[in-house]
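Breakdown of the fold
Listed below are the residues making up each chain.
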Amino acid sequence: MRPVPSYAVPKSIAEVARLLVEHPMADAVVEEIDGRRIQVDGHWLIDFASCNYLGLDLDLEVIAQVPAYLARWGTHPSWARGIASSEPYRRVEAAVSELLGVEDVLAFPTLTHTHNGVLPALAGEGTVLVDHRAHRTIQDAAVLASARGAAVRRFRSGDVEHARRLLQGPLKGPRVLCLDGINSMTGNAPDLPAFAALAREHDAILYLDDAHGFGVVGERDGYDPTPYGRRGNAIVRWFGESYDQIVLTAGFSKAYSSLLAFATCSPELKRYLKAVVPSYVYSGPVPVAALATALAGLEVNQRRGDDLRALLWQRTRTLLEHLDKLGIVTTNTSGLPLVELALADPADLDAVGHHLFDRGIYVTLAPYPVVPRQEAGFRIQLTAAHTADQVDHLLDVLREVDDRFGFRRPHP
Ligand SMILES: Cc1ncc(COP(=O)(O)O)c(C=O)c1O
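The text that follows walks through the structure, step by step, so that each part is easy to find. Note that the coordinates shown come from a computational prediction; the quantities given were computed from them, not determined experimentally.

Focus: the sheet that holds strand S8 (residues 205-209)
Pairing is mixed in the open sheet, where seven strands are placed in the order S4-S10-S9-S8-S7-S5-S6. In the strand order of this sheet, the two ends are held by strand S4 (104-108) and strand S6 (151-155), each with one partner. The mean inter-strand angle of the sheet, taken between neighbouring strand axes irrespective of direction, is 20°. Bridge count between strand S7 (residues 175-180) and S8: five bridges; the pairing is parallel. Considered in S8, the bridge of Cys178 is made with Tyr207. Of the strands in this sheet, S4, strand S9 (246-251) and strand S10 (261-265) touch helix H4 (residues 87-100), which is tilted by about 130° from S4. Together, S4, strand S5 (127-131), S7, S8, S9 and S10 form the strand contacts of helix H5 (residues 111-123), whose direction differs from that of S8 by roughly 170°.

See the structure below:
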């Protein structure tokens with residue numbers, strides 16, 4: 001018999017693996033929730049690691065819609081979409097198309113399924129150009145595209161001129177330029193007008209992942225109550241751009257607290273994707289309860305989404321103003337509810353994580369090399385379901401962390 005392979009974590013990532021797996025502030029089992037509080041290992045903590053930006057995971061109107069769907073459709077039909085889709089799928093695709101102002105969308109269970117399916121299908125044996133800090137799921141989909149015959153090139157993050165130089169070279173077509181919409185760490189947007197113009201000049205497709213923008217940012221008219229704009233119809237509308245040469249992907253697992261994702265498409269592209277994308281033809285469907293919460297969430301968004309975004313902005317603004325007063329650097333210049341804080345000394349992250357945990361705050365740790373060394377620290381997400389008192393407690397604890405360990409300050 002062959003020996004069982006050993007799965008020891010490689011030495012090079014042992015420290016980060018320890019933080020990401022063994023630290024109480026990671027890989028937690030949540031025993032109970034109460035609003036935006038969670039119980040981990042018997043401790044009650046305020047959850048600032050959830051991306052449920054609109055707070056719909058706790059919304060009684062959304063929750064109340066689920067039983068009727070289960071009674072009518074059962075829990076899970078188990079058809080791959082290539083075989084059959086329950087009717088709510090058609091409604092959700094139509095509602096998302098209307099909200100975004102696009103011809104059509106094709107829905108998948110997750111963005112990972114969307115990227116793995118759609119990106120290789122768009123690229124064929126052409127070229128994928130990827131922002132080198134695009135989300136890991138896009139990077140992995142690019143690897144899959146490469147296994148199917150595409151060339152993959154990476155450009156410096158956010159660097160339009162670098163992407164232009166690559167596009168000017170002799171690259172096989174079709175060409176697909178991939179980047180994040182609202183960035184999952186910084187909370188900032190790329191220069192979308194410049195990237196969209198570049199894609200159009202070079203007859204490339206601009207492929208965007210707006211997991212964190214969908215439901216938060218949307219169309220603007222100059223009289224908007226918050227920096228987020230209105231309707232939460234994602235980054236392309238936020239910039240007032242057209243969808244010409246753009247494939248926008250986004251999902252419901254953040255702002256909408258559900259499980260569903262989509263790629264925008266023309267009816268012709270949709271027919272092609274349905275025929276060639278393995279995660280459409282062979283993967284299982286979105287569970288019925290998730291279709292129900294996606295549809296209910298879209299209804300809530302239509303009626304009170306802008307009120308929820310106003311609350312979200314209030315909570316976020318309180319935090320950003322506090323950081324500004326303390327002179328603490330965050331990469332967030334957009335006012336969006338993702339706030340990344342870097343420590344003065346990245347080696348303090350373990351101890352800082354323990355301090356936060358002991359003081360009842362749960363966040364996302366961001367160690368090096370998950371982020372560049374100078375950005376090592378943690379990420380905070382605000383949601384419309386946080387109370388003002390919960391945010392005030394966060395501010396107190398951040399002041400303690402600053403006094404005891406120190407956050408990174410701007411260079412003098
Ligand atoms: C920017 C971004 N893209 C994709 C994903 C993956 O989404 P899903 O869970 O729908 O596969 C995430 C999840 O955290 C994300 O932040």
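Remarks on the nonpolar core
Burial of nonpolar side chains together is a common tendency in soluble globular proteins. With 99 residues, the main nonpolar core has Leu100, Leu177, Leu206, Phe378 and Ile380 as its most contacted residues. Looking at this core, the element that brings in the most residues is helix H12 (residues 288-326), giving 15 residues. Dropping the residues within four chain positions of it, Leu177 is found in contact with Leu129, Phe155, Ala163, Leu167, Phe195, Leu198, Ala199, Ile205, Leu206 and Tyr207. Residues Ile138, Ala142, Ala145 and Val176 belong to the second largest nonpolar core, which totals 25 residues.

Quick word on empty space enclosed by the protein
Sizing a probe to match a water molecule and rolling it over the atoms shows the empty space that remains. Counted by the stated rule, this structure contains two cavities of 30 Å³ or more. Along the walls of the largest cavity sit Val329, Thr330, Thr331, Glu340, Leu341, Ala342, Glu375 and Arg408, which together make up its complete lining. Classifying every residue of the lining of the largest cavity by side-chain character gives three nonpolar, two polar and three charged. Each pocket or cavity is described by its volume, and for the second largest cavity that value is around 30 Å³. Taken together, His135, Asp180, Ile182, Ser184, Asp209, Ala211 and His212 form the lining of the second largest cavity. Classifying every residue of the lining of the second largest cavity by side-chain character gives two nonpolar, three polar and two charged.

Re the packing of aromatic side chains
According to the stated counting rule, one finds ten aromatic pairs in the structure shown. A cation over an aromatic ring shows up here: Arg81 above the ring of Tyr89, its NZ or CZ 3.9 Å from the ring centre. The positively charged end of Arg220 is found above the aromatic ring belonging to Trp238, 4.3 Å away from the centroid.

A look at the site of the ligand
In the vicinity of the ligand, the contacting residues are Thr110, Leu111, Thr112, His135, Thr137, Ser184, Asp209, Ala211, His212, Ser253 and Lys254. In the environment of the ligand, an oxygen atom lies 2.5 Å from a nitrogen or oxygen atom belonging to the side chain of Thr112. At a separation of 2.7 Å, an oxygen atom of the ligand approaches a polar side-chain atom of His212. Tallied by class, the residues present in the shell around the ligand amount to two nonpolar, seven polar and two charged.

Topic: H12
Here H12 contains 39 residues, and its C-alpha end-to-end distance of 47 Å is more than 12% below the 57 Å for a straight helix at 1.5 Å per residue. By the largest-angle criterion, Arg304 marks the main kink of H12, which is about 75°. At the C-terminal side of H12, Gly327 shows a positive phi close to 75°.

Some words on the sheet that holds strand S1 (residues 30-34)
The mixed open sheet is built from four strands, whose spatial order is S1-S2-S3-S12. A single partner strand is all that each edge strand has here, and the edge strands are S1 and strand S12 (361-362). As defined by bridge partners, strand S2 (residues 37-40) adjoins strand S3 (residues 43-47) across four bridges and the pair is classed as antiparallel. Bridging across to S3, Gln39 finds its partner in Trp44.

Concerning the pairing of strand S11 (residues 338-342)
Among the five residues that make up S11, five are buried, leaving the element largely enclosed by the rest of the structure. Side-chain alternation along S11 places Leu338, Glu340 and Ala342 on one buried face and Val339 and Leu341 on a second face that is also buried. Here five bridges tie S11 to strand S14 (residues 377-381), and the two strands are oriented antiparallel to one another. Directly across from Leu338, in S14, lies its bridge partner Gln381.

Looking at the pattern of salt bridges
When the charged atoms of two side chains with opposite charge come close together, those side chains can pair. In total, this model carries 24 salt bridges according to the counting rule given. Taking the shortest distance from any N to any O, the salt bridge between Glu61 and Arg304 comes out at 2.8 Å. Here Glu61, found in helix H2 (residues 60-64), pairs with Arg304, found in helix H12; they are 243 residues apart in sequence, far enough to count as distant. For Glu61, a relative accessible area of 29% puts it in the partly exposed group. Judged by relative accessible area, which is 24%, Arg304 ranks as partly exposed. Of the charged contacts in the structure, one is a salt bridge between Glu241 and Arg200, with a shortest N-O distance of 2.9 Å. Residue Glu241 is located in the loop between helix H9 (234-238) and S9, and its partner Arg200 is located in helix H8 (residues 192-201); the two are separated by 41 residues in the primary sequence. Here Glu241 falls in the buried class, since its relative accessible area comes to 18%. The class for Arg200 is partly exposed, based on a relative accessible area of 26%.

Conventions and cut-offs
Residues numbered from 1 in each chain as written. Predicted model: local features only at pLDDT ≥ 70, side-chain atom pairs only at ≥ 80, totals over all residues. Heavy atoms only, no water. Pairing = 2+ DSSP bridges. Helix = DSSP H or I, 4+ residues; strand = E, 2+ residues; numbered from the N terminus. Axes fitted to C-alpha atoms, helices over the stretch in contact; angles between N-to-C directions. Contact = heavy atoms within 4.5 Å. Core = buried A, V, L, I, M, F, W, Y, C linked by side-chain atoms within 4.5 Å. Buried < 20%, exposed > 50% of the residue type's maximum accessible area, 1.4 Å probe, protein only. 1 Å grid on protein atoms, 1.4 Å probe; cavity = no way out; pocket = protein on both sides within 12 Å on 5 of 7 lines; lining within 4 Å. Points joined across faces, edges and corners; volume = space filled by probe spheres on them. Nonpolar A, V, L, I, M, F, W, Y, C, P; charged D, E, K, R; others polar. Phe/Tyr/Trp six-rings, centres within 6.5 Å; stacked < 30°, edge-to-face > 60°. Lys NZ or Arg CZ within 6 Å of the ring centre and 35° of its normal. Near = heavy atom within 4 Å. Polar contact = N/O pair within 3.5 Å; in protein donor to acceptor, adjacent residues only side chain to side chain. Expected span 1.5 Å × (residues − 1). Bend = angle between axes of the 7 residues up to and from the residue. Salt bridge = Lys/Arg side-chain N within 4 Å of Asp/Glu carboxyl O.

Keep in mind these numbers describe shape, not what the thing actually does.
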